[in-house]
Protein chains: 2
Amino acid sequence: MNRTAAALVIGNELLSGKVHDSNTLTLSRALRPLGIELRRVVVIPDEVELIASEVNSLRHAHDFVFTSGGVGPTHDDVTVEGIALGLGRRVVRSPVVEALLRDHYGARLTEGHLRMADLVEGTELYPGGSPAWPTMVLGNVFVLPGVPQIFAHKLEGLLPRLRGDEAPFVLRSVDCNIDEGPLKPYLDGVVARFPDVSVGSYPHWGNEDHRVRVTFDGRDPSRVLDAQASFLGDLPPDWVVRSD
Amino acid sequence: MNRTAAALVIGNELLSGKVHDSNTLTLSRALRPLGIELRRVVVIPDEVELIASEVNSLRHAHDFVFTSGGVGPTHDDVTVEGIALGLGRRVVRSPVVEALLRDHYGARLTEGHLRMADLVEGTELYPGGSPAWPTMVLGNVFVLPGVPQIFAHKLEGLLPRLRGDEAPFVLRSVDCNIDEGPLKPYLDGVVARFPDVSVGSYPHWGNEDHRVRVTFDGRDPSRVLDAQASFLGDLPPDWVVRSD
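Residues numbered from 1 in each chain as written. Chains lettered and ligands numbered in written order. Predicted model: local features only at pLDDT ≥ 70, side-chain atom pairs only at ≥ 80, totals over all residues. Heavy atoms only, no water.

Asker: Can you help me understand the interface of chain A and chain B in this one?
Answerer: For interface size, the figure often reported is the accessible area lost on association. Taken residue by residue, the interface counts 59 residues in chain A and 59 residues in chain B. Summed over both partners, the interface of chain A with chain B buries about 4,700 Å², with 55% contributed by carbon and sulfur atoms. Together, A:Lys18, A:Arg39 and A:His75 form the three largest contributors to the area buried by chain A at its contact with chain B, with a combined 13%. One can count eight salt bridges joining chain A with chain B. On the surface where chain A and chain B come into contact, there are 24 residue pairs in polar contact (both at pLDDT 80 or more). (Contact = heavy atoms within 4.5 Å. Buried area = accessible area lost by both parts, 1.4 Å probe. Salt bridge = Lys/Arg side-chain N within 4 Å of Asp/Glu carboxyl O. Polar contact = N/O pair within 3.5 Å; in protein donor to acceptor, adjacent residues only side chain to side chain.)

Here's what the structure looks like:
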């Protein structure tokens, strides 16, 4: 079983150039060792209808959907409302989260904070990551905050839940001091011999060390290593800067 | 007229965590002074059918589509083929681009390089950016390379083509040393008074300097400044670290 995932990244700030999304990279790197393939990332603004329609199309097409952002207490945090609309459910106050909030904020608690206790009806609270703070799960949709440190922390807490029986993805690389034109026949050769290994070729512009990184990705470590060795065996040795 | 844009970011390497996309940030920052709103970013793997269907759905829903990646000479560069499929057109060898490639590579030219002269039939070659290298344009679809330095350079060359009569977006901010809970009523106030200004609130976790950045975005500079001033006027002064 090869499970797939999609990320729905929510926030005006990412589309207006105020903030650089790093959660997608965190997610993709966390999923590789689990053998889960991230197939699609969609970035949209904080708009209820858009969130509703995206969550619906992504959750039907992938095994897992991870949303990032829009779960704080302010007016621009509309992810819960969007998911509720998409799933055709109500938003209800969670006594469990309300108690956590009251415990955490104590005398500093405001009505604003309590807004974070308003969840999609039927939300599962998964007790991973930050001890006091469960993650919202709705079927195959995992609702994560946009703040990068908390996103990473909560994702780590979800890993036991996500673990299946897939082999992890294995990655090897060869750095070359030649451009893609002359490399192309060697790439075509290894691609033809190893159809089960994903071969990538990435020009590193302005890099003094090497001009192209060639990568070999797959689920079968021996096939990935064989593909790398086969490519190296073909290539003129003085084109190779290193292999990793 | 408020024009919108979408980005289609193409590349397995972005979904497998090998490379961090920075072209989206470059694009969003380039579009703000033009008053063009980036509404959607989609990241997909190097797959012809996916590229075809995404290009089609994005180009009908936005004024501009910018694709990034997949235009080099190697086997994993399938953006041109994908766009051709989406538009129902053939891929044909461009004599103009072939001449540019022959001129650029001279004796080093390979069959691999020449693959970059195979374009979607009817492609317009826009002569901006890098002097020797035109940008492929298909109606409202602008086809840009994934290498960040070349992406930025070519995008800069496209700016005259993209310029319209919209006012640029204006951005102001207020950094606060208090969390979003107590800020919420003040945010709700300014949001209600300035429905034409987009107000954002971004917790900066682990930041020693400030805890939340509040931003004010809009096309009318006086309204943006008034919203910022109105928010500052309401707020307890000792919550404010700075306003920009």
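Let's pick the thread back up.
Asker: Would you mind showing me how to read the pairing of strand S9 (residues 170-176) of chain B here?
Answerer: Residues and elements named next belong to chain B. In terms of burial, S9 is largely enclosed, as five of its seven residues are buried. In terms of strand pairing, S9 meets strand S11 (residues 212-218) through seven bridges, oriented antiparallel. Along S11, the bridge assignment pairs Ser173 with Thr215. Relative to strand S12 (residues 240-243), S9 runs antiparallel, the two being bridged by three bridges. In the sheet register, Cys176 faces S12, and the bridge partner there is Val240. (Buried < 20%, exposed > 50% of the residue type's maximum accessible area, 1.4 Å probe, protein only. Helix = DSSP H or I, 4+ residues; strand = E, 2+ residues; numbered from the N terminus. Pairing = 2+ DSSP bridges.)

Asker: Sorry if this is basic, but what is going on with the packing of helix H8 (residues 180-193) of chain A against helix H9 (residues 221-234) of chain A here?
Answerer: Pairs of packed helices are described in terms of their axes, by the angle between the two and the distance that separates them. All names here are of chain A. Contact geometry for H8 and H9: axes closest at 10 Å, N-to-C directions at 145 degrees. In this structure, the crossing between H8 and H9 has a hand that is right-handed. The segment H8 lies against H9, with Leu183, Tyr186, Leu187, Val190 and Arg193 engaging Arg223, Ala227, Ser230, Phe231 and Asp234. Of the residues contributing to the contact of H8 with H9, the split by class is six nonpolar, one polar and three charged. (Axes fitted to C-alpha atoms, helices over the stretch in contact; angles between N-to-C directions. Left-handed = near helix turned anticlockwise from the far one by under 90°. Nonpolar A, V, L, I, M, F, W, Y, C, P; charged D, E, K, R; others polar.)

Asker: I'm lost on the nonpolar core in this one. Help?
Answerer: The nonpolar side chains of soluble globular proteins are, as a tendency, buried together. Core analysis: the largest hydrophobic core is formed by 48 residues, its most contacted members being A:Leu31, A:Phe66, A:Leu162, B:Leu31, B:Phe66 and B:Leu162. Setting aside residues up to four positions removed in sequence, A:Leu31 forms contacts with A:Ala5, A:Ile36, A:Leu38, A:Phe66 and A:Leu162. (Core = buried A, V, L, I, M, F, W, Y, C linked by side-chain atoms within 4.5 Å.)

Asker: Even after reading the chapter, I still don't get the environment of B:Ala167, so can you show me in this structure?
Answerer: Residues and elements named next belong to chain B. Secondary-structure assignment places Ala167 in the loop between helix H7 (148-162) and S9. When the C-alpha positions of Ala167 and Ala229 are compared, they lie 21 Å apart, and in sequence the two are 62 residues distant. In contact with Ala167, not counting residues within four places along its chain, are Gly35 and Arg219.

Asker: Mind showing me how you'd approach the sheet that holds S11(B) here?
Answerer: In any sheet, the strands associate via hydrogen bonds between backbone groups, in a parallel or an antiparallel arrangement. All names here are of chain B. Spatial ordering of the open sheet is given by S10-S11-S9-S12, a layout of four strands whose pairing is antiparallel. Since the sheet does not close on itself, it has two edges, and those belong to strand S10 (198-203) and S12, each with one partner. Looking at each pair of strands side by side, their axes are set apart by 20 degrees on average, direction ignored. Pairing geometry for S10 and S11, over six bridges, is antiparallel. Looking at S11, one finds that Ser198 is bridged to Asp217. Along the sheet, helix H8 (residues 180-193) makes contact with S9, S10 and S11, crossing S10 at roughly 170 degrees. The strands touched by helix H9 (residues 221-234) are S9, S11 and S12; relative to S9, the strand with the most contacts, the crossing angle is about 10 degrees.

Asker: Would you mind showing me how to read helix H2 (residues 23-31) of chain B here?
Answerer: For an α-helix, 3.6 residues make a turn, and residues three or four places apart therefore share a direction. Among the nine residues that make up H2(B), seven are buried, leaving the element largely enclosed by the rest of the structure. Of the positions making up H2(B), those classed as buried are B:Asn23, B:Thr24, B:Leu25, B:Leu27, B:Ser28, B:Ala30 and B:Leu31. Against the buried residues of H2(B) lie helix H1 (12-15) of chain A together with strand S1 (4-10), strand S2 (37-44), strand S3 (64-68) and H7 of chain B.

Asker: Explain the packing of helix H3 (residues 48-61) of chain B against helix H4 (residues 79-87) of chain B here, please?
Answerer: Residue and element names in this part refer to chain B. In contact at an axis separation of 7 Å, H3 and H4 are set at 55 degrees when each is read in the N-to-C sense. On the basis of the axis angle, H3 is oblique to H4. Pair H3 / H4 crosses with right-handed handedness. Seen from H3, the contacting residues are Val48, Glu49, Ile51, Ala52, Val55, Asn56 and Arg59; seen from H4, they are Thr79, Glu81, Gly82, Ile83, Leu85, Gly86 and Leu87. Classifying every residue of the contact of H3 with H4 by side-chain character gives seven nonpolar, four polar and three charged. (Parallel < 35°, antiparallel > 145°, perpendicular 65-115°, else oblique.)

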